[in-house]
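Understanding the architecture of this molecule
Now for the letters of each chain:
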Amino acid sequence: MPYILNPNGEGSNYGSLLNVSYPYKYPIKMDLRPGSEQHGKILAFVMDAAQKSRDALSSRFQIWREIDQTMTAYIPISAKEQAVREADSTKPVSIVVPTTYATMDTILTYLVGVFMQSPIFRYEGRGPEDTVGAALLEGIIDFQTYKFKAGLALHTMLRDMIAYGFGGCTPVWTQKMGYRTTARSTGISGIFGQFVPTGYTKQREPVVLYEGNDLRNIDPYMCFPDPSVSISDVQRGRFNGWLCRESLYDLLEREDWDTNLFNVKYLQHIDGRSVLGIDESKRDPNYVRQDFDLGDSYKSYVDVIYLYAKIIPKRLGLGKYDRPETWLFAVAGDSVVIQAGPTNLDHDMIPVAYAASEYDGHSAVPMARLEMVHGMQKAIDFMYNSHIINIRKSLNNMFVVDPELVNINDLKTPSPGKIIRLRKKAWGKGIADAISQLRVEDITRGNLLDVGYISDMLEKAVGTPDLLQGVMRDTGDRRSATEFRETKGSALSRLERIAWVSSLQAMQDLALLYASQTQQFMSQETYVKITGRSEEVLRGIFQDQQYALVDPLSILINYDVIAGSAMLPTTGDAGQWAAMFQVISSNPELAGQFDIMRIFQYWARLTGAKNLEDFVKRVPMQAQVLPDEEVAAQAQAGNIIPMEEAFNEPA
């Protein structure tokens, strides 16, 4: 139903806010007290955008819920089947045949293998002076993806893309606050006023433990994209947002150090739930996940709507600027604005990335890959379950009985070794005419064969044959190595298309957002391990050191994002590359034209070797001591440069 903004209406959260006030200072001299004019304009704008997006997207929820059930192998059990289960728990009831689950798992496994190679995001300098800085930037961002577990968020994004048609993430710059115990010297003052140490004591002080981009998922059910553009064209849309269930305690803690948050204390006086926060999915059929309070005065959770929007502040009464700006708004419990202001991000983008591999370039929300074969999945479930029902019926013996000749109560008793008594008029006449078993034929005998045929059609449609699922089907004929290789290559090429589109849509944008926000917000020096593909570049500066200390100024360089490969690192014929390596290494002319070491490393990766760099010999660099006059002459000739210039530090 549409959201109606009525601050004075019965049941509104505003009634509980009229008698409370907290001394907040709001950004750019706005008046954002709950109930103020500016507060009301922002609230109406955010809720209107979210409601219109929800109205457009909600038409997709029904098919998404059906896909959720196929992913959980769950079918609501009828009252009749529930009685069967209660009577005998060993008897089968209706289930979902996990065909589409196997399909999703196959595609997801391929995408994880492609995208989760360290480093996840790769960069290169635009010029020679940016080479070292780009290598350090790549190391810093690789450290961030490790500390904030970005791989889990990417896994969820890719899974959502396969199941619902799109998956989204947003990188949020986050400082992980905590405490650190350090040693402090203790002592006394000497006779001349100097400090004389006498020992040490421990002290605990608040510090920033680490900082970086925290990659957060956007639930498709709680997503508010601009329906006027395609889901992957985020930057062309007017707005983009989502709803997130937040811990009130986390918000209160963040408010103490995040200057962009305000009005959080008002949330203890409202319900905190949103009319748009109802879980429409069927991912939790047993309703295990629940929100509850612990008996204190605070609600445990609140629904927060985050909305990035391109606005003209003057038209909304939020400033004097009459040029479009990108702002971030946050509304909690449909009632309290807790964040509002321009993003002021260097990349000047809406910091959201979506992957939608099945998009057609026009639709607002594309069909999911599993949605295309959902009808086949339902047919498989029907055929299998009808076969089970028929078997269950066949196992229950059915009899035709003449009640004048047989004691019906004896026949109803299910215990083994029972005695069935005939009535007196049937004594001595036998039971041929008194009782006979009804013949039951299995008309669903061919259903399992049909299930196999439809499963084959489903796998061909989505591009996940048995070969990619690790199942070698017995066809009766011996397959040649060439046939096996070509069949596998053709199957992988269809998955490469999915990976290629996803990389262009989401991974490339995320790499740009990560780098730009790191350059803008990084405030602390951080150690980076000198290893991996940039080791050769960094060894020229840091020599035999294992770690490089990176300061925020050393990564202020011009860079380009290296587009990720859509192929698995192990895709290729290791046998052919081994033969090529032997030919090249044994031919002096070829060895002079090709890099033998790189060819060997590539071959090793095809065989499944990882972390090959750990086994490369470290050649110590020889430092040369020269007189000052010769150093000055070499510098003037341009043969050597100062260390700081290697980092491109400003003078």
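Scroll up a little and you will see the structure.
Residues numbered from 1 in each chain as written. Predicted model: local features only at pLDDT ≥ 70, side-chain atom pairs only at ≥ 80, totals over all residues. Heavy atoms only, no water.

Let's talk about the sheet that holds strand S4 (residues 223-225)
Keep this limit in mind: Strands are treated as partners if at least two bridges between them are detected by DSSP. Going along the chain from the N terminus, every DSSP run of H or I of four or more residues is numbered as a helix, and every run of E of two or more is numbered as a strand. Fitted lines through C-alpha atoms serve as axes, helices being fitted only where they are in contact, and the angles separating the N-to-C directions of these axes extend from 0 to 180 degrees. Whether two residues touch is decided by their heavy atoms; if any such pair falls within 4.5 Å, the residues are in contact.
Here we have five strands laid out as an open sheet, ordered S4-S5-S6-S7-S8, and antiparallel in their pairing. Lying at the two open borders of the sheet, with one neighbouring strand each, are S4 and strand S8 (336-342). Neighbouring strand axes in the sheet, compared pairwise and without regard to direction, differ in orientation by 15 degrees on average. Where strand S6 (residues 301-311) and strand S7 (residues 325-332) come together, eight bridges link them in antiparallel fashion. Looking across to S7, one finds that lysine 310 is bridged to threonine 326. In this fold helix H1 (residues 37-57) packs onto S4, strand S5 (239-247), S6, S7 and S8, with an angle of close to 95 degrees to the strand it touches most, S6. Packing against the sheet, helix H7 (residues 248-255) makes contact with S5 and S6, and its axis sits at approximately 105 degrees to S5.

Points about helix H5 (residues 131-147)
As a reminder of what qualifies: One less than the residue count of a helix, multiplied by 1.5 Å, gives the span that helix is expected to have. Remark: exposure states derive from per-residue accessible area (1.4 Å probe, protein chains only) relative to the maximum for the residue type, with buried under 20%, exposed over 50%, and partly exposed in between.
For H5, which comprises 17 residues, the first-to-last C-alpha distance of 25 Å matches the rise-based estimate of 24 Å (1.5 Å per residue) to within 8%. For H5, the buried fraction is high: 12 of the 17 residues fall into the buried class. Where H5 is concerned, the buried positions are Val132, Gly133, Ala134, Ala135, Leu136, Leu137, Glu138, Gly139, Ile140, Ile141, Gln144 and Thr145. One or two residues past the end of H5 sits lysine 149, with phi positive at roughly 55 degrees.

Considerations on helix H2 (residues 61-72)
Look at H2: 16 Å from first C-alpha to last across 12 residues, which is about the 16 Å you get at 1.5 Å a residue. For H2, every residue scored as buried is listed here: Phe61, Ile63, Trp64, Arg65, Ile67, Asp68, Thr70 and Met71.

Concerning the nonpolar core
For the record, the criterion: Remark: nonpolar core denotes a set of buried residues (Ala, Val, Leu, Ile, Met, Phe, Trp, Tyr, Cys) joined through side-chain atoms within 4.5 Å.
Membership of the largest hydrophobic core comes to 116 residues, with the highest contact counts inside it found for Trp64, Leu111, Phe121, Leu267 and Phe329. Counting residues per element, this core draws most heavily on helix H11 (residues 481-521), which supplies 10 residues. Among residues more than four places away in sequence, those in contact with phenylalanine 329 are Ile42, Phe45, Val46, Ile305, Tyr306, Leu307, Ala309, Ile311, Leu318, Gln339 and Ala340. Within the second largest apolar cluster, seven residues are counted, among which are Val373, Ile380, Val451 and Val462.

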